[in-house]
Amino acid sequence: MIKETKHLGIAGRLAEDAAPPEVPKDVSFQPMGMQALVIVGHGSHLNPGSSEPAYSHADTIRESGAFDEVREAFWKEEPSFRNVLRTLESDEVYVVPLFISEGYFTEQVIPRELRLDDWDPEDWDSDGTDADHVTLDADDVEKTIHYCGPVGTHDSMSDVIVQRAKSVTDREEFGDDFGLAVVGHGTERNENSAKAIHYHADRIREMGVFGEVQAVFMDEDPEVDDVTDFFETEDIVVVPLFVSDGFHTQEDIPEDMGLTDDYRTGYDIPSEVDGHHIWYSGAVGTEPLVADVVLERAADAGAPVDDAVEAVRERTGGADAAAGD
């Protein structure tokens, strides 16, 4: 029997996701000298839920005891990118962008606002999906900054997408009867935006977790409006690769897919569209397991947080996400 639930909208999801998972304290090795983590996000003056994932994941990591200090900073909200380094006592700082793709914000805005004078995007040596980290000095605050690639292109984000599909369907495995649509915005201004979506769709397809996997987009082909045309499976899980729930994920995409004529009236999960059951998850960035991806970005840059990564994965349901166990 197919389980039906009613979509709750932004306010309902924020209420459900407000409390971060409990994580054992002091699980990581404590290095000499203080180390800090800064999670940087876009934020919004119009969407009150835009910053919620950053705060939620920061709380999870803070509770793990992995860093001496954990801060959030935003482009469109306070605390701002420009001032965040001045709020830290730590001499060594790991900066992880809570963004989906490499592009204007990760390559220009964030380094500029943090005053990373020696930054050069070529230092990432990336083709658009494999940025790692660069270590730089922020001379005006006398700190060493480990500037990491965005969470959205890390390999572990594939696991998060699978876990997001599990969360919305309340299933532990899928098999050939389920398809997965990974949704991106798509834009001519940044070719890397589509690269990130295709990258994870390809990786998940290789995992063999779903019978079919397809990348679809809002503003380029193949379009999410026609999502049922791309699948033979009766059940399709649709996961938007967005950081937070907002106008696109809560209004545009549900209406474009035909889940509802008016997002304000809500819609069933799953909804029946063109003979398929559509399990719509909302933004992947609200999945608690994203905290693990943030930690892994920092670990790749040299932060001694391996124990914290394992603890967070265990608490947020990610240990077996890719395996489908």
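Here the structure is shown first, and the text comes after it.
What counts, and where the lines are drawn
Residues numbered from 1 in each chain as written. Predicted model: local features only at pLDDT ≥ 70, side-chain atom pairs only at ≥ 80, totals over all residues. Heavy atoms only, no water. Axes fitted to C-alpha atoms, helices over the stretch in contact; angles between N-to-C directions. Helix = DSSP H or I, 4+ residues; strand = E, 2+ residues; numbered from the N terminus. Parallel < 35°, antiparallel > 145°, perpendicular 65-115°, else oblique. Contact = heavy atoms within 4.5 Å. Nonpolar A, V, L, I, M, F, W, Y, C, P; charged D, E, K, R; others polar. Core = buried A, V, L, I, M, F, W, Y, C linked by side-chain atoms within 4.5 Å. Buried < 20%, exposed > 50% of the residue type's maximum accessible area, 1.4 Å probe, protein only. Domains from an automatic or database assignment. Pairing = 2+ DSSP bridges. Salt bridge = Lys/Arg side-chain N within 4 Å of Asp/Glu carboxyl O.

Visitor: How would you summarise the packing of helix H5 (residues 156-169) against helix H6 (residues 191-207) if you had to cite specific residues and measurements?
Guide: Relative to each other, H5 and H6 sit at 70°, their axes nearing to 9 Å. Our classification of the angle between H5 and H6 gives roughly perpendicular. Of the residues in H6, those touching H5 at Met157, Ser158, Asp159, Ile161 and Val162 are His200, Arg203, Ile204 and Met207. The residue inventory of the contact of H5 with H6, partitioned by class, reads 5 nonpolar, 2 polar and 2 charged.

Visitor: Give a detailed account of the nonpolar core, specifying residues and quantitative values.
Guide: For soluble globular proteins, nonpolar side chains are generally found buried alongside one another. By size, the foremost hydrophobic cluster in this structure holds 73 residues, and its most contacted members are Phe67, Phe210 and Val237. For this core, the domains that each give at least three residues are domain 1 (35-153 + 288-317) and domain 2 (155-286). One finds Val109, Leu114, Val134 and Tyr147 within the second-largest nonpolar core, a separate group that totals 25 residues.

Visitor: Go over the sheet that holds strand S12 (residues 276-280) with me, naming the residues and quoting the values.
Guide: The sheet built from 5 strands is open, its strands ordered S8-S7-S9-S12-S11 with mixed pairing. For this open sheet the edge positions go to strand S8 (210-217) and strand S11 (271-273), each flanked by a neighbour on one side alone. Shown here is a sheet whose adjacent strand axes are inclined to one another by a mean of 30°, direction ignored. The pairing of strand S7 (residues 175-184) with strand S9 (residues 235-240) spans 6 bridges and is classified as parallel. Directly across from valine 183, in S9, lies its bridge partner proline 240. Of the strands in this sheet, S7, S9, S11 and S12 are in contact with helix H7 (residues 247-257), which crosses S12 at around 175°.

Visitor: Outline the pattern of salt bridges, supporting the account with residue identities and numerical values.
Guide: The final tally for this structure, using the stated rule, is 14 salt bridges. One salt bridge connects aspartate 59 with arginine 62, and the closest N-O pair in it is separated by 2.7 Å. Separated by 3 residues within a single helix, aspartate 59 and arginine 62 lie in helix H2 (residues 52-64), roughly one turn from each other. Taking the relative accessible area as the measure of exposure, aspartate 59 reaches 30% and is therefore partly exposed. Salt-bridge contacts for aspartate 262 lead to arginine 264; the nearest nitrogen and oxygen are separated by 3.0 Å. The class for aspartate 262 is partly exposed, based on a relative accessible area of 22%. Its relative accessible area of 65% is what places arginine 264 among the exposed residues. Within the structure, one salt-bridge network assembled from shared partners comprises Asp159, Asp292, Glu296 and Arg313.

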